[in-house]
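Now for the letters of each chain:
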Amino acid sequence: MIKNICLLALVSCWFAANAQKQDYPIQPVPFTSVKLTDHFWSSRIETNRTVTIPASFKRCDSTGRIKNFVMAAEHKGKFCTVYPFDDTDIYKTIEGASYSLAVHSDPALAKYVDSLIAIVGRAQEPDGYLYTARSINPAHPLSAAGPERWINEGKLSHELYNCGHMFEAAAAHYMATGQRNFLNIALKNADLLARTFGPGKKHVAPGHEIVEMGLVRLYRITGKTDYLNLAKFFIDQRGIKQYDKHSKNPYENGVYFQDNEPVIDQDEAEGHAVRAMYLYSGMTDVAALTGDTAYIKAIDKIWNNMVTKKMYVQGSIGAVGDGERFGDNYELPNATAYNETCAAIGSVFWNQRMFLLHGDSKYIDVMEKTLYNGLISGVGLDGKSFFYTNAMQVTDSFNHPDLERERSGWFVCSCCPTNVVRLIPSIPGYIYAQNGNDVYVNLFISGTGNLKVNNKELKITQQNNYPWDGGLAFTIDPSSAMDLNLKIRIPGWVQNQAIPSTLYSYQQVSVQKIEIKVNGKPVDYQMKNGYAVISKKWKKNDKVELTLPMDVQRVAANIALVDDIGKVALQRGPLMYCAEWKDNNGKASNLVVPKNTVFETAYDPSLLNGVTVLKATVKSVNIDEAAQTVTTENKTMTAIPYYSWANRGKGEMTVWFPEKVKYIELITK
Ligand code: FUB
Ligand code: ZN
């Protein structure tokens, strides 16, 4: 018996040690170890710091979101905003401010953040519960909250969603500042969750995922396995509830909540797109930390489905407005594309995790496509105007009440602006990653990464003018000579892949081997999983150079995408382009881009904070209503990067251009 107990103790020690050890094989180099000097991203991060973060805190205040916490502390008053998840806008803004504080000291901001954390802490109930929609007046909570704690969680109360965002924010704040004030609030809440939910306790499939990712972050900080186990427990609750499986309504059959079947049986990206991204990110985390192969099988299938059948050409996802959800396979309409900004942000989270798990550059290709296109289109160049939905096509003749045609300062449901606040300053954490002495360069962003390889310091400095120019230069600077495998991502877009699937492809295939030089001399390298691997003993100040060709590519869609048949989209480097009314005599819907079109490119520093534009002579179709004639004429078309549209007023925009005049749609109105 005693022997058995010892063995049991040994086994559990072994499990604990192993649980601690098991993780993503590849680890990201944290944002705190990377300093940027990048023209493209530094200016955005600075705008986020100086404009978006203060504007967001101001809105949290002026809309009553902060007041909700004050009232919750006093159990007095009436919840004064609209949604039960409005607490998260404060959490997300604190998260963004924390990333910013990590690299830019700002005592006034730090003090303000601390004062908000104190307000949040006072709203926490003694047992750790934190949810203003109930705590203000527990006898009469907001109706979405339900009359008792957690009973509406599987529907729309968002109690666990609020917890998840709080955990994410508290973890970021702790990492950035080393302070425990927010972390302690989060841990108290997480302990309540661990006491409340689990085998033999309450069961629920969280109504809006994110608590799983948040718990994992707390597990990483504390090593407390309860948090990891609870994350897995929540994930495994999906697909258990009884829905009307035959209903075609995604709310009634559980698909909207990714709750229609157990996650390990899911094989398509389905339902509400933000929920889906957070679920798959959480599953990837848990798979990495536990080695759960059933999860890995499922997420691999789901990823393939998303990238081969459900992604717009500029990386956006979640095509359908009703339910903010994925459509059916190949359901990617242009006129009504929904493309919530939060879904693009979630896709960045997930693709980063898939890379850390599998080490394949295809995930970073998708991440980069999303980041430079369908995600940053969500925030205006001024840093204080936003898109919740990201259009693919705007014409004067079609409008829809749910689809935005111009940016707004905020929204009643302001999830997207505050998600932008936290994503932008975390960008430095997506550039480098490491597995022992395999060092990955994933994004081409100027600045310096400070890494540790076998306990020795290594600095990698990038100097480039990406995404405008394909010339890349790196200085590899170890503290003393070291063996390492430098793995530079060779993007799919220089290898004839518009995205890593057959959903979109280049019309003209060209294969060129990229030359890489070290200290001015060409080096041999191996291509592995999309990376050029240069294995050698690196010395102080070694210089690496390569050039990624940036030809303008004509992108065609898979014929299953009916809306894009006979059309072409334009890509240069990682950027997708669009034509906007402002540069094209007030119209974009009448442009035809024939097969033989020759494009010229020019960088214009005075346009849209500096962009490379594409110019070409194309055809435009002109209708003379009075004379009832239709003619075509040659016209100079100007295309701008997709992300930069809608910064100069409201008007037509298009991403897909017909290649010839074939049919004319007759509108009788
Ligand atoms: O439900 C919380 C957030 O509000 C979702 O993630 C968004 O899609 C919006 O519905
Ligand atoms: Zn959103």
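Right, let's walk through the structure included here. Not measured: the values here are computed from a predicted model. (Residues numbered from 1 in each chain as written. Chains lettered and ligands numbered in written order. Predicted model: local features only at pLDDT ≥ 70, side-chain atom pairs only at ≥ 80, totals over all residues. Heavy atoms only, no water.)

A closer look at the overall build of the chain
For step 1, the next point in the chain: Scanning the chain from N- to C-terminus turns up 15 helices and 24 strands.
For step 2, the next point in the chain: Taken over the C-alpha trace, the chain has a radius of gyration of 25 Å; the compact-globule value for 669 residues is 26 Å, and the two agree within 12%.
For step 3, the next point in the chain: Projected onto its principal axes, the C-alpha coordinates of the chain cover approximately 85 × 65 × 50 Å.
For step 4, the next point in the chain: A buried classification covers 58% of the 669 residues belonging to the chain.
For step 5, the next point in the chain: Of the contacts made within the chain by residues no fewer than 6 positions apart, 69% connect residues no fewer than 24 positions apart.
For step 6, the next point in the chain: Surface exposure of the chain reaches about 26,600 Å², of which carbon and sulfur atoms provide 53%.
For step 7, the next point in the chain: Counting 71 positive and 68 negative side-chain charges, the chain places the averaged centre of each group 4 Å from the other. (Helix = DSSP H or I, 4+ residues; strand = E, 2+ residues; numbered from the N terminus. Rg over C-alpha atoms; globule rule 2.2 N^0.38 Å. Buried < 20%, exposed > 50% of the residue type's maximum accessible area, 1.4 Å probe, protein only. Contact = heavy atoms within 4.5 Å. Areas by Shrake-Rupley, 256 points an atom, 1.4 Å probe, with all protein chains shown as cover. Lys, Arg positive; Asp, Glu negative; His and termini not counted. Charge placed at Lys NZ, Arg CZ, Asp CG, Glu CD.)

Brief notes about the pairing of strand β18 (residues 575-580)
For step 1, the next point in the chain: With six of six residues buried, β18 lies mostly within the body of the structure.
For step 2, the next point in the chain: Every second residue of β18 is oriented toward a common face, with Leu575, Tyr577 and Ala579 on one face and Met576, Cys578 and Glu580 on the other, all of them buried.
For step 3, the next point in the chain: With two bridges joining them, strand β17 (residues 567-572) and β18 adopt antiparallel strand pairing. Bridging across to β18, Arg572 finds its partner in Leu575.
For step 4, the next point in the chain: If you look at the hairpin formed by β17 and β18, you'll find two residues sitting between the two strands, and Gly573 has a positive phi there, around 60 degrees.
For step 5, the next point in the chain: Bridge count for β18 against strand β23 (residues 653-654) is two bridges, and the pairing is antiparallel. (Pairing = 2+ DSSP bridges.)

Overview of the site of ligand 1
For step 1, the next point in the chain: Around ligand 1, the neighbouring residues are Phe85, His158, Tyr161, His208, His272, Val274, Glu324, Glu340, Tyr388, Cys413 and Cys415.
For step 2, the next point in the chain: The contact in question runs from an oxygen atom of ligand 1 to an N or O atom on the side chain of His208, over 2.7 Å.
For step 3, the next point in the chain: A distance of 2.7 Å separates an oxygen atom of ligand 1 from a polar atom in the side chain of Glu324.
For step 4, the next point in the chain: Contact with the protein chains removes 93% of the 270 Å² of surface that ligand 1 exposes when unbound.
For step 5, the next point in the chain: Here the residues of the shell around ligand 1 are counted per class, giving six nonpolar, three polar and two charged. (Near = heavy atom within 4 Å. Polar contact = N/O pair within 3.5 Å; in protein donor to acceptor, adjacent residues only side chain to side chain. Nonpolar A, V, L, I, M, F, W, Y, C, P; charged D, E, K, R; others polar.)

Topic: the environment of Ile45
For step 1, the next point in the chain: Looking at the secondary structure, you find Ile45 in helix α2 (residues 39-62).
For step 2, the next point in the chain: Under the relative-accessibility criterion, Ile45 is labelled buried at 17%.
For step 3, the next point in the chain: Sequence separation between Ile45 and Tyr372 is 327 residues; the distance between their C-alpha atoms is 14 Å.
For step 4, the next point in the chain: Setting aside residues no more than four positions away along its own chain, Ile45 makes contact with Leu36, Ile424, Pro425 and Pro428.

Considering the nonpolar core
For step 1, the next point in the chain: One finds Phe167, Phe182, Tyr280, Leu486, Tyr504, Val544 and Trp645 to be the most contacted residues of the largest nonpolar core, which totals 214 residues.
For step 2, the next point in the chain: A domain-level breakdown of this core finds at least three residues from each of domain 1 (44-237) and domain 2 (563-663).
For step 3, the next point in the chain: If sequence neighbours within four positions are ignored, Tyr280 has contacts with Gln258, Glu268, Ala269, Glu270, Ile299, Ile302 and Trp350. (Core = buried A, V, L, I, M, F, W, Y, C linked by side-chain atoms within 4.5 Å. Domains from an automatic or database assignment.)

Things to note about the packing of aromatic side chains
For step 1, the next point in the chain: One pass over the structure, following the stated rule, counts 33 aromatic pairs.
For step 2, the next point in the chain: The interplanar angle of 90 degrees and the centroid separation of 4.7 Å between the aromatic rings of Phe31 and Tyr99 together place this pair among those described as edge-to-face. Placement of the pair is Phe31 in the loop between β1 (27-28) and β2 (34-36) and Tyr99 in helix α4 (residues 87-103), with a sequence separation of 68 residues.
For step 3, the next point in the chain: Ring plane angle 45 degrees and centroid distance 6.2 Å describe the contact between Tyr91 and Phe182, whose orientation is recorded as tilted. With Tyr91 in helix α4 and Phe182 in helix α8 (residues 181-196), the pair connects residues that are 91 residues apart, well separated along the chain. Comparing Tyr91 with Phe182, the two get one shared label, buried.
For step 4, the next point in the chain: One aromatic cluster is present, formed by Phe40, Trp41, Tyr372, Phe444, Tyr466, Trp468, Phe474, Trp493, Tyr603 and Tyr643 through successive ring pairs.
For step 5, the next point in the chain: Seen from the ring of Tyr129, Arg149 lies directly overhead, with NZ or CZ sitting 3.9 Å from the centre.
For step 6, the next point in the chain: Taking NZ or CZ as reference, Lys513 lies 4.1 Å from the ring centre of Tyr525, over its face. (Phe/Tyr/Trp six-rings, centres within 6.5 Å; stacked < 30°, edge-to-face > 60°. Lys NZ or Arg CZ within 6 Å of the ring centre and 35° of its normal.)

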